[in-house]
Amino acid sequence: LSMVRHQPEGLDQLQAQTQFTRKELQSLYRGFKNECPSGLVDEETFKTIYSQFFPQGDATRYAHFLFNAFDIDRNGSIRFVDFVLGLSVLLRGSVTEKLRWAFNLYDINKDGYITKEEMLEIMTSIYDMMGRYTLPSVRDDSPFEHVEKFFQKMDRNRDGVVTIDEFIETCQKDENIMASMQLFENVI
Amino acid sequence: MAAGVAAWLPFARAAAIGWMPVASTPMPIPPQDKRKAQDGFIILNVSGTKFQTWRTTLERYPDTLLGSTERDFFFHEETSEYFFDRDPDIFRHILNFYRTGKLHYPRQECISAYDEELAFFGIIPEIIGDCCYEEYKDRRRENAERLQDDEEMDMNNDVAPLNLTFREYLWRAFENPHTSTLALVFYYVTGFFIAISVMANVVETVPCGTLPNRSKEVSCGDRYALAFFCLDTACVMIFTVEYLLRLIAAPSRCKFMKSVMSVIDVVAIMPYYIGLVMTDNDQVSGAFVTLRVFRVFRIFKFSRHSAGLRILGYTLKSCASELGFLLFSLTMAIIIFATVMFYAEKGSTATKFTSIPAAFWYTIVTMTTLGYGDMVPKTIVGKVFGSICSLSGVLVIALPVPVIVSNFSRIYHQSQRAEKRRAQRASKEAGKALVGKSASPPFESQHHHLLHCLEKTTNHEFVDEQTFQANCMEISVVNKSGSRTSSLSSSPHGLSSCCSRRHRKKSSFSLPSTNNQELSTIQIRERPVSNSRSSLNAKLDETVPLKCDEAYISPSMVRLSAPVATSSDDASTATTTYSQSNIVRVSAL
């Protein structure tokens, strides 16, 4: 139980850095502060919160990747500014920015390439969130097959990795993906 | 789900963008938020004390007075605030419930006042947080008991209602002597005769001086045999009459006959009757004498007259395992030391330790620090082990006994509390199931949309355990008959049946999707099936999302009717006509 307390930067600074309005930032901060009075979210709390939305499966692994995607400076905790910057990209960013964010999520070691192993880990964690009781039931190789499909689609030059450009290019050509990127515009 | 976690839902939904590039199937349309959250203040004036909070805070719980339009009835136009003529101290806790999602019970408040306030504001007490729930339930129980006692006392003071049958009247008279004078008289008479009978049994064995023609002392029982016999007969007659009357009056005869008190009654009077039957037979008269021992059980009849005795019996019963363990460890120690002493004393001459069972007596007397001295070890080894025996006796006996006593007291209270907590938990779960601790309908529909997106990403669906297992068996069957798929697609009425069958049909459609064909075309084919899951009038060409929100049970049965319809209204023109009772899936929220 650490007594670390973190204060975010001023409202004006955050407004400049993100695409949220003042009121939205205020409302976001109030919710954030309510849940995390210390001003920081550590990984365990993050996993607990995220797991509550997926009661049937195990969301901890995916929450781990998500945590790393939000924790940009890799210091083990998400501050409000990280939180709000991430949300700004997801909710108010351009499609390219969102795709970059997704790429960053998949690229576990942040080296600029998505390998099959990384994708398999991500895919397994997503399937883990489904839990045991699914229809049809998740087979052991379901994530693997899914990864194969993904690479077939995305890996243009068949070199076994997906680069950011291949990723963005392929996604921009896919209507479904483009449409679904706009899905959560009005969440806040 | 706590209101706080609901605040993170927008974040979770935003993060779902991470699934989009890998999704197998197109995403469902999100539910529309009809109204943007107008985040204004609401001023609540409770008997002069002003409370202010955000509008959205109150609307987290739309089933309560403050969260719904019911509060409009209390709106005071001139001051533009909501006025409630209630207790502001208790209101503080109620408002905190909205803020934090946890309802606390203040210990200094009167339980009935608190209950009234909760009832007024439409909050169900079962959602009181774990920190205060036990206290609340205890106070409530005490209150209820007090009320009940008051009622009983009133009842007892009243004249007995005339519509009781004679049998019920009799039973009531037996169980509660204060109901009428006759019952009281009967109570005291039986008590008196129990005492007389016990005293007679005792005095009967006292030596009463010598008979003129004999030299040795005779007991009073033999000297005044006739008198004692008459006394015994009278007592037994009274007890028999009492037992028969109780048997007649008992509401449930079998239960009565199995109860402890009736067994004691029977055991108390049996020896007399057996004696009557057997007096002439010399061989069994010895056994008859032993039977008289059972007459002492009459003293247990006093437990009807004494509540303390009953409580003692109950506590011994509840402490039985501890006592049993003490007995067991004692037995172990006794056997060990008796064996040791026997072999130690084997060598010495004219020893009293003739066998190990004979040594038991020595061990028990020594370990309980009685030390009668009728058996003492003579050899050095025997004395050494004898002293070890008495020292360990002090430890074995003296130490556990206080521990047992305190253990017993602690366990007794704890078992009371555990029972209480179990009962409380059961009623708490029931209460929770009855009312939403869950958040507002928009939250629910958004959460379900999120889960639905996950389903679409992985191209699997959430189901509950039963359907899953039913399917595991079905899949093997369906796998064999591929021709069923086409017939199933064309029968709409089959899809309107209960969800379990719907899901079985769904499994057959999943077979084509596992082929690595173009995912989009499969989805179009699957659409009609999924649409009809939500309504009977679905248009097949609409790429309308599944409103399988409804398929997830939210723990709130209060919201069965309205919100579902509103959430799916704009999303699909089809009406959600299936009944809520066909819910298959369960969300734990």
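Residues numbered from 1 in each chain as written. Chains lettered and ligands numbered in written order. Predicted model: local features only at pLDDT ≥ 70, side-chain atom pairs only at ≥ 80, totals over all residues. Heavy atoms only, no water.

The name recorded for chain A in an unreviewed UniProt entry is Kv channel interacting protein 3b, calsenilin, from Poecilia latipinna. Within the UniProt record for chain A, the comment given under Sequence similarities (unreviewed entry) is "Belongs to the recoverin family." If you open the UniProt record of chain A and go to Function (unreviewed entry), you find "May be involved in the calcium-dependent regulation of rhodopsin phosphorylation. Binds three calcium ions." (UniProt positions renumbered as here; feature names shortened; annotations may be inferred.)

1. Digging into the packing of aromatic side chains
Taken as a whole and assessed by the stated rule, the structure comprises 48 aromatic pairs over all chains. Centroid distance Phe32(A) to Trp8(B): 6.0 Å. Interplanar angle 45 degrees. Geometry classified as tilted. Of the two residues, Phe32(A) sits in helix α2 (residues 22–35) while Trp8(B) sits in the loop between α1 (3–7) and α2 (9–15), which places them in two different chains. By the burial criterion, Phe32(A) is buried, and Trp8(B) matches it. The ring of Phe151(A) has Lys116(A) lying over it, and the distance from NZ or CZ to the ring centre is 5.6 Å. Its end group placed over the ring of Phe120(B), Arg86(B) keeps NZ or CZ at 4.0 Å from the ring centre. (Phe/Tyr/Trp six-rings, centres within 6.5 Å; stacked < 30°, edge-to-face > 60°. Helix = DSSP H or I, 4+ residues; strand = E, 2+ residues; numbered from the N terminus. Buried < 20%, exposed > 50% of the residue type's maximum accessible area, 1.4 Å probe, protein only. Lys NZ or Arg CZ within 6 Å of the ring centre and 35° of its normal.)

2. Section: the UniProt feature "domain: EF-hand" (unreviewed entry) in chain A
Residue and element names in this part refer to chain A. In the numbering used here, UniProt assigns the feature "domain: EF-hand" (unreviewed entry) to residues 58–93, 94–129 and 142–177. Helix makes up 69% of residues 94–129 and strand 8%, whereas the separation of the span's terminal C-alpha atoms amounts to 28 Å. With 72% helix and 8% strand, the stretch residues 142–177 has end C-alpha atoms that lie 21 Å from each other.

3. Describing the packing of helix α8 (residues 142–154) of chain A against helix α9 (residues 164–173) of chain A
Residues and elements named next belong to chain A. Their axes nearest at 9 Å, the elements α8 and α9 cross at an angle of 90 degrees. Comparing the axis directions of α8 and α9 gives the class roughly perpendicular. Residues Phe150, Lys153 and Met154 of α8 touch α9, and the partners they reach there are Glu166, Phe167, Thr170 and Cys171. Of the residues that constitute the contact of α8 with α9, the class distribution is four nonpolar, one polar and two charged. (Axes fitted to C-alpha atoms, helices over the stretch in contact; angles between N-to-C directions. Parallel < 35°, antiparallel > 145°, perpendicular 65-115°, else oblique. Contact = heavy atoms within 4.5 Å. Nonpolar A, V, L, I, M, F, W, Y, C, P; charged D, E, K, R; others polar.)

4. Considerations on helix α7 (residues 116–128) of chain A
Here α7(A) spans 18 Å end to end across 13 residues, near enough to the 18 Å set by a 1.5 Å rise per residue. Glu118(A), Met119(A), Ile122(A), Met123(A), Ser125(A), Ile126(A) and Tyr127(A) are the residues of α7(A) that are buried. (Expected span 1.5 Å × (residues − 1).)

5. Some thoughts on unusual backbone geometry
Along the chain, Leu135(A) connects to Pro136(A) via a cis peptide bond; the corresponding omega equals -5 degrees. If you check the backbone angles, Ser47(B) has positive phi at about 50 degrees while not being a glycine. With respect to the secondary-structure elements, Ser47(B) resides in the loop between β1 (41–46) and β2 (49–54). Judged by its relative accessible area of 35%, Ser47(B) is partly exposed. Positive phi outside glycine occurs at Thr369(B), with the angle close to 60 degrees. For Thr369(B), the location among the structural elements is in the loop between α16 (356–367) and α17 (380–398).

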